[in-house]
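The chain contents come next:
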Amino acid sequence: MTAIRRSPRTLWILTAVILAGLLVAAFVPGAGIRLPVIVIQVGFVVLHGAQRYGPRAIGVFVAAGLIISNILENLSIQTGFPFGHYHYTGSGKIFEVPWFIGPSYLATGYVAWIVATALLGDVRRGSSWLTTIGTPVVGAFAMTAWDLALDPATSTIHQAWIWENGGGFFGVPLVNFLGWTFTVYLFMQVFALYLRRSGPAAQPERTTISDLQAVLLYATTAISFVTTYFTAEHTTVTDATGATWHTADIYETSVLLAVYGMFFLALLALLRIAQRRTATAAPTPESDAGRRAPEAVARGGYS
């Protein structure tokens, strides 16, 4: 635990490295650093989560995220539930799912969780059911906001995975996003239930810096959608069903979703963090009276 308490500098270093990596990946797409950045992001998740919730708790988050996401991804590839019918291209798979998909769930899922705690409240031992259920729901929607901007370009244009029956959202079906929300909610709910039963009895060690690190990483994750809109080639693509889509429309929609989805949620979270900090710093009438009392006594009474 000593090493964990002394980790703020390490967390800032990891935050800076990840921010730099995300920016390089956004402005230099061919740099080939996206996978190393994902690995570093998982390191951030483990260290940040251990400091905030404890090593055992963040272990539950990591295990639940990896296991549940892999089971449901493989299940959907075989049966169509919960995402729809699709398959991944490329190699390096765990069963039918590329190895980096699970870490990607963790990397973006954790910062989406912190965004949710900033907006609704963190979960601790004995938390109300409203917070215990509501925070995973908000976190799942914050995570799905990322996939809304990500999926059409990554699947329809770059064909990292193929939607076999297509879909109305630039070749992606509605059920995919419902499946994302469901999957992320499940592993976040497992984490929340653990925290409610066995997590820290007091409010988790949350500071403005701790919240800012994660919220900034969440927002920066969306930068690539903006840069791609200005730099990518504008042409047409055909999905697995033969439908033709204009890439310019896909990129423009991704920017709109990033700005009014992820950036908006990050802005709300930052405003809540600032509001909480202002409320904590502002003196209350009771504390102000407490400071004035000794002075009044020294003068022989109140003025």
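Note that the structure is a prediction, hence the values are computed from the model and not measured.

## With respect to the pattern of salt bridges
For the structure on display, the rule yields three salt bridges. For Asp211, the salt bridge identified is with Arg52, shortest N-O distance 2.8 Å. With Asp211 in helix α8 (residues 208–220) and Arg52 in helix α3 (residues 34–53), this pair connects stretches of sequence that are 159 residues apart. Each member of the pair Asp211 and Arg52 is classed as buried. A salt bridge links Arg276 to Asp211, with the shortest nitrogen-to-oxygen separation between them at 2.4 Å. Taken together, the residues Arg276 in helix α10 (residues 247–281) and Asp211 in helix α8 connect sequence positions 65 residues apart. Classification of Arg276 as partly exposed rests on a relative accessible area of 30%.

## Observations concerning the packing of helix α6 (residues 129–157) against α10
Contact geometry for α6 and α10: axes closest at 9 Å, N-to-C directions at 165°. Relative to α10, α6 is oriented roughly antiparallel. As for how α6 packs across α10, the hand of that crossing is left-handed. Touching Ala142, Ala145, Trp146, Leu148, Ala149, Pro152, Ala153, Thr156 and Ile157 of α6 are Thr247, Ile250, Tyr251, Ser254, Leu257, Ala258, Met262 and Leu265, all from α10.

## Side note on α10
Between its first and last C-alpha, α10 extends 49 Å over 35 residues, near the 51 Å set by a 1.5 Å rise per residue. At Ala258, α10 is bent by approximately 35°, the largest bend along its length.

## A word on the layout of surface pockets
Roughly 1,200 Å³ of internal volume is contained in the largest pocket. In terms of lining residues, the largest pocket is bounded by 42 residues, among which Arg34, Leu150, Thr154, His158 and Ser224 are the most central. With seven residues, α6 is the single largest residue contributor to the lining of the largest pocket. In terms of residue class, the lining of the largest pocket is made up of 26 nonpolar, 13 polar and three charged.

## A look at the nonpolar core
Among the nonpolar cores identified, the biggest contains 66 residues, and Trp113 and Tyr218 are the most heavily contacted of them. A total of ten residues in this core trace back to one element, the largest contributor, which is helix α5 (residues 101–119). Counting residues in hydrophobic clusters, the runner-up holds eight residues, among them Ile157, Phe170, Ala232 and Tyr251.

## Some points on the packing of α6 against helix α7 (residues 174–198)
At a minimum axis distance of 8 Å, the contact between α6 and α7 shows a crossing angle of 145°. For the pair α6 and α7, the sense of crossing is right-handed. Looking at the contact of α6 with α7 residue by residue, the class counts come to 16 nonpolar, six polar and three charged.

## Structural notes on unusual backbone geometry
That bond from Phe81 to Pro82 is cis: its omega, 5°, falls within 30 degrees of zero. With respect to the helices, strands and loops of the structure, Pro82 is situated in the loop between α4 (55–79) and β1 (86–88). With a phi close to 60°, Phe95 is a non-glycine residue in the positive phi region. Among the residues examined, Phe95 registers a relative accessible area of 68% and is labelled exposed. With a phi close to 55°, Phe170 is a non-glycine residue in the positive phi region. Residue placement: Phe170 occurs in the loop between β4 (161–163) and α7.

## Digging into the confidence of the model for the chain
Low-confidence regions, as indicated by low pLDDT, have predicted coordinates that should not be scrutinised in detail. Confidence along the chain averages 91 in pLDDT terms, with 89% of residues attaining 70 or more. Here residues 293–303 scores under 50 on pLDDT; set against residues more than four positions off or in separate chains, the count is three contacts.

## Structural notes on empty space enclosed by the protein
Tallying each qualifying case throughout the model produces one cavity of 30 Å³ or more. Its boundaries defined by the atoms lining it, the largest cavity holds a volume of some 40 Å³. Lining the largest cavity are Gln41, Phe44, Val45, Ala107, Thr108, Val111, Leu217, Tyr218 and Thr221. Counting only elements with at least two residues in the lining of the largest cavity, the list comes to α3, α5 and α8. Taken together, the residues of the lining of the largest cavity break down into six nonpolar, three polar and no charged.

## Looking at the side chain of Thr135
Structurally, Thr135 is set in helix α6. You can call Thr135 buried: its relative accessible area is 0%. A polar side-chain atom of Thr135 sits 3.0 Å from the main-chain carbonyl oxygen of Thr131. Once residues within four sequence positions are removed from consideration, Thr135 is found in contact with Trp113, Ala116, Thr117, Leu120, Gly121, Val123 and Leu130.

## Points about the packing of aromatic side chains
Using the criterion set out here, one finds 18 aromatic pairs in the structure. Plain terms: the ring middles of Tyr53 and Phe191 are 5.3 Å apart, the flat faces sit at 85° to each other, and that makes the pair edge-to-face. A residue pair is termed long-range when its members are at least 10 positions apart, and Tyr53 in helix α3 and Phe191 in helix α7 qualify at 138 residues. Judged on exposure class, the residue Tyr53 and its partner Phe191 are both buried. Ring plane angle 70° and centroid distance 5.6 Å describe the contact between Phe170 and Trp245, whose orientation is recorded as edge-to-face. With a gap of 75 residues between them, Phe170 in the loop between β4 and α7 and Trp245 in strand β6 (residues 244–246) connect regions that are remote in the sequence. Taking relative accessible area as the criterion, Trp245 reaches 18% and is therefore assigned buried. Among the aromatic residues, ring-to-ring pairing joins Tyr53, Phe61, Tyr105, Tyr110, Trp113, Trp146, Trp180, Phe187 and Phe191 into one connected group. Above the face of the Trp129 ring, Arg196 is positioned so that its terminal group lies 3.9 Å from the ring centre.

What counts as what
- Residues numbered from 1 in each chain as written.
- Predicted model: local features only at pLDDT ≥ 70, side-chain atom pairs only at ≥ 80, totals over all residues.
- Heavy atoms only, no water.
- Salt bridge = Lys/Arg side-chain N within 4 Å of Asp/Glu carboxyl O.
- Helix = DSSP H or I, 4+ residues; strand = E, 2+ residues; numbered from the N terminus.
- Buried < 20%, exposed > 50% of the residue type's maximum accessible area, 1.4 Å probe, protein only.
- Axes fitted to C-alpha atoms, helices over the stretch in contact; angles between N-to-C directions.
- Parallel < 35°, antiparallel > 145°, perpendicular 65-115°, else oblique.
- Left-handed = near helix turned anticlockwise from the far one by under 90°.
- Contact = heavy atoms within 4.5 Å.
- Expected span 1.5 Å × (residues − 1).
- Bend = angle between axes of the 7 residues up to and from the residue.
- 1 Å grid on protein atoms, 1.4 Å probe; cavity = no way out; pocket = protein on both sides within 12 Å on 5 of 7 lines; lining within 4 Å.
- Points joined across faces, edges and corners; volume = space filled by probe spheres on them.
- Nonpolar A, V, L, I, M, F, W, Y, C, P; charged D, E, K, R; others polar.
- Core = buried A, V, L, I, M, F, W, Y, C linked by side-chain atoms within 4.5 Å.
- pLDDT = per-residue confidence, 0-100.
- Polar contact = N/O pair within 3.5 Å; in protein donor to acceptor, adjacent residues only side chain to side chain.
- Phe/Tyr/Trp six-rings, centres within 6.5 Å; stacked < 30°, edge-to-face > 60°.
- Lys NZ or Arg CZ within 6 Å of the ring centre and 35° of its normal.

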